[in-house]
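Listed below, chain by chain, are the residues.
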Amino acid sequence: MIKFTVITITYNAEAVLQRTLDSVLHQTHEDVEHLIIDGASTDGTLAMAQHYKAASDASTCGHKVVVRSEPDEGIYDAMNKGLTQASGDYIVYMNAGDCFPQPDTLEQVAHRCHLNELPSDALPAVLYGNTNVVDNEGRFLYPRKKQPPKKLTWHSFKHGMMVCHQAFYARTDIAKNLPYDLKYKYSSDVDWCIRVMKEAERLSLPLQDIGMVVANYTEEGATTRHHRESLKERFAVMAHHYGYVTTAVMHAWFAVRTAIQGKA
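The structure presented is a predicted model; accordingly, all values stated were derived computationally and were not measured. (Residues numbered from 1 in each chain as written. Predicted model: local features only at pLDDT ≥ 70, side-chain atom pairs only at ≥ 80, totals over all residues. Heavy atoms only, no water.)

**Some points on the state of the cysteines**
Scanning all chains against the criterion turns up zero disulfides. Its sulfur unpaired, C113 is 16 Å from the next cysteine sulfur, which belongs to C193. The exposure class of C113 is buried, given its relative accessible area of 2%. Cysteine C164 shares no disulfide, and the gap to the nearest cysteine sulfur, in C193, comes to 9.0 Å. Residue classification places C164 among the buried residues on the basis of a relative accessible area of 5%. (Disulfide = S-S within 2.5 Å. Buried < 20%, exposed > 50% of the residue type's maximum accessible area, 1.4 Å probe, protein only.)

**Observations concerning the packing of aromatic side chains**
Per the counting criterion, the structure on display carries nine aromatic pairs. Their ring planes at 65° and their centres at 5.9 Å tell us that F168 and W192 sit as a pair that is edge-to-face. Linking F168 in strand β7 (residues 168-171) with W192 in helix α6 (residues 188-202), this pair joins segments that are 24 residues apart in sequence. Here the two residues F168 and W192 agree in accessibility, since each one is buried. Relative to Y244, the ring of F235 has its centre 5.5 Å away and its plane inclined at 75°; by these criteria the two rings are edge-to-face. A connected cluster of aromatic rings, assembled from ring pairs, spans Y76, Y93, F168, Y180 and W192. Just above the ring of Y142 sits the side chain of K145; from NZ or CZ to the centre is 4.1 Å. In this structure, K198 is placed above the aromatic ring of W154, and the distance from its NZ or CZ to the ring centre is 4.6 Å. (Phe/Tyr/Trp six-rings, centres within 6.5 Å; stacked < 30°, edge-to-face > 60°. Helix = DSSP H or I, 4+ residues; strand = E, 2+ residues; numbered from the N terminus. Lys NZ or Arg CZ within 6 Å of the ring centre and 35° of its normal.)

Just distances and angles here, no functional claims.
In structure tokens form, the structure reads like this:
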């Protein structure tokens, strides 16, 4: 059976963490590893995570929960810690406040993509799906504005991050060789997704559209709070992969399109 490793990064997240934990605990797919990588929280986050681990260990869901808490150098350093520890076939990042939309989400992913019928070396490099945006209480707000294309390639991201990070499932053996670049504070996930897709192209492995909503993403986050810095850094990431001229032209088009939509 295909195994999913869900990685949850936390730091003082007790206000929003429980719905994330519950959504993983209630996944009907049998082979799930849940790694909670905490940055030495000073609130009730760690106690909540330990209580969840005890509940999961005592349940019949068969999930393996690991809780690790220590200081880190930021969210992408914590993501790298999870990456090195992952043992599943696919990595799924589901951070505090984010959650799976249904208890059978992972089961549906495995079924729709025929994962249990494929040898490990023939598994798609990336599985990707749609995302809904929720508020800090977990209430549905709207479907994510950027919708993933039916045929995703690494070139797709020149139009922006077409797939939400939480809806981007990377094959673990590929992802482990491509750690997050810590020089980026806000956009290393964009860079990482592009590099994973480039590697998929090099290996002639497919990127498969799941064709369903696979993540509820909380609107507020570090990128939202540091919007200007994030935009500058994302421009640098895209210029690195697609060239400065192409990136400048695409950003000019984004600005024009936004202005037109604002007047509509």
